[in-house]
Amino acid sequence: MSVSQLKTVLITGSTSGIGLAIAKMYAQKGYNIVFNGLEPNGAEIAAEVATAHNIQHLFFPADMSDPAQIKDMAEQSLERFGTVDILVNNAGVQFVAPVEEFPEVKWDAIIDINLNAAFHMTKALWPKMKAQKFGRIINIASAHGLIASPFKSAYVSSKFGIVGFTKTLALEGGEFGITANAVCPGYVFTPIVERQIPDQMKVHNMTREEVIQNVFLKEHAVKEFITVEAIAESVLFLTDSAAASVTTGIALSVDAGWTAH
Ligand code: NAD
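Residues numbered from 1 in each chain as written. Predicted model: local features only at pLDDT ≥ 70, side-chain atom pairs only at ≥ 80, totals over all residues. Heavy atoms only, no water.

So, on to the site of the ligand. In the vicinity of the ligand there are 31 residues, among which Ser16, Asn90, Tyr155, Val188 and Thr190 approach most closely. Here Gly13 contributes a backbone N or O atom positioned 3.5 Å from an oxygen atom of the ligand. Separating an oxygen atom of the ligand from a backbone N or O atom of Gly186 is a distance of 3.5 Å. Computed on the free molecule, the ligand has an accessible area of 820 Å², of which 96% lies beneath the protein chains in the complex. Because more than half of its atoms lie within 2 Å of the grid, the ligand is assigned to the largest pocket. If you list the elements that add at least two residues to the shell around the ligand, you get helix 1 (17–28), helix 5 (153–173) and helix 6 (191–194). Ranked by residue count, the leading element in the shell around the ligand is helix 6, at 3 residues. Residues belonging to the shell around the ligand are distributed by class as follows: 16 nonpolar, 11 polar and 4 charged. No fewer than three residues from each of domain 1 (3–188 + 226–260) and domain 2 (189–224) sit in the shell around the ligand. (Near = heavy atom within 4 Å. Polar contact = N/O pair within 3.5 Å; in protein donor to acceptor, adjacent residues only side chain to side chain. Areas by Shrake-Rupley, 256 points an atom, 1.4 Å probe, with all protein chains shown as cover. 1 Å grid on protein atoms, 1.4 Å probe; cavity = no way out; pocket = protein on both sides within 12 Å on 5 of 7 lines; lining within 4 Å. Sits in = over half its atoms within 2 Å of the grid points. Helix = DSSP H or I, 4+ residues; strand = E, 2+ residues; numbered from the N terminus. Nonpolar A, V, L, I, M, F, W, Y, C, P; charged D, E, K, R; others polar. Domains from an automatic or database assignment.)

Looking at where Glu219 falls in the secondary structure, it is placed in the loop between helix 8 (208–216) and helix 9 (228–240). For Glu219 and Gly257, which are 38 residues apart along the polypeptide, the C-alpha to C-alpha distance reads 7.7 Å. In contact with Glu219, other than residues within four places in its own chain, are Gly257, Trp258 and His261. (Contact = heavy atoms within 4.5 Å.)

The subject of this paragraph is empty space enclosed by the protein. Applying the stated rule across the entire model yields 1 cavity of 30 Å³ or more. Of the volumes computed, that of the largest cavity is approximately 70 Å³. Together, Thr12, Met64, Asn89, Asn90, Ala91, Ile113, Asn114, Ala117, Ala118, Ile140 and Ile162 line the largest cavity. For the lining of the largest cavity, the residue count by class is 7 nonpolar, 4 polar and no charged. (Points joined across faces, edges and corners; volume = space filled by probe spheres on them.)

With burial as the criterion, only one face of strand 3 (residues 57–60) is covered, namely that bearing Leu58 and Phe60; the residues His57 and Phe59 on the opposite face remain uncovered. Inspection of the sheet shows strand 2 (residues 32–36) paired to strand 3 by 4 bridges, in the parallel sense. Bridge pairing in strand 3 places Ile33 opposite His57. In this fold, strand 2 hands off to helix 2 (residues 42–53), which returns the chain to strand 3; that crossover is right-handed. (Buried < 20%, exposed > 50% of the residue type's maximum accessible area, 1.4 Å probe, protein only. Pairing = 2+ DSSP bridges. Right-handed = clockwise from strand over helix to strand, strands pointing away.)

Below, the structure is given as C-alpha cells:
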C-alpha cells in the first residue's frame, strides 16, 4: 500500500479518552496516524478508526515510561511515513494521595509518563521537523499545569513541568517553523477521572456523587464535564487554523472557567 502524502500525526495515549478523540478528528481529515496506548485492545481500536476513515496507520503499545521504546516508536514512524508533522504528547496517568503517603514508585511513574516521555519523543522527532522547516507540537497539560490541587503533588508537578517545556520548545523552534503549545483541560470524564474516584472518596471522605459535584465540578464556572471533542477541536486550532503558524508557546485553557478564579 502506498504511503499517503498527507500529513502524519503521532499521538501518544491515543487508544482511550482524549487521545482517541484527537486521533478520530485527524482521521476524519485523512491524515496518517501513529497510535499508541496500553489498552489491551489498542491494536483493534486503532485499526477500527483507520478502516472507518480509510487512512494509513501504525499502532505501537510502547510504554511511555521507557525511553528506548519511545525512541524505537519514533524511528519506526519516520521510517514508514518519512515524517511526523504533528506530535501530540498526550499519554498521562494520575495518582491521588497526601504527600507524606505518596508512594515513590507512583511519583516516578507520573513524572516519567506525563513529563519525561514528552521530552524523549520530542527529541527523537525534532531533527526531522527542523530539517523540513515544519512541525506542530501539542502537549496535553492540564488546568493542573497552571494551578494546584491538594493530594496531586506528582501530577501537578508533571503538568507545570510540561507547560515550561512547551514554552522552551516554542522559543527554540520558532526559526525552524516549529510551533509548540500546551492545551490545559479542566475535568473531562474519561477513564483517568473515573479511576481516581475511589481515592478521592477516601481522601475527602465523600460519596461518589459528592466527589463529582464538590471536587471535580466545584471549580468549573460552567458546571459540566468538558467533552473529549472540545479538547480535540482546540488541538486542531493549534495545528491547522490560520492562527496556527503564529500561535506558539501558549497554554490554552479549555477548562470551563476553572483557572479564571
Ligand atoms: P485516559 O486514561 O482515557 O487515557 C490515557 C492514555 O494514556 C491511555 O491510552 C493509556 O493507555 C495511555 N497511557 C498511560 N500510561 C501509558 C504508558 N506508560 N505508556 C503508553 N501509554 C500510556 O485519560 P485521558 O483523560 O484521555 O488523558 C489524556 C491526557 O489528558 C493525560 O495527559 C491527562 O493528564 C490529560 N488531562 C485529562 C483530563 C481529564 O479530566 N480527563 C484533564 C486534564 C488533562
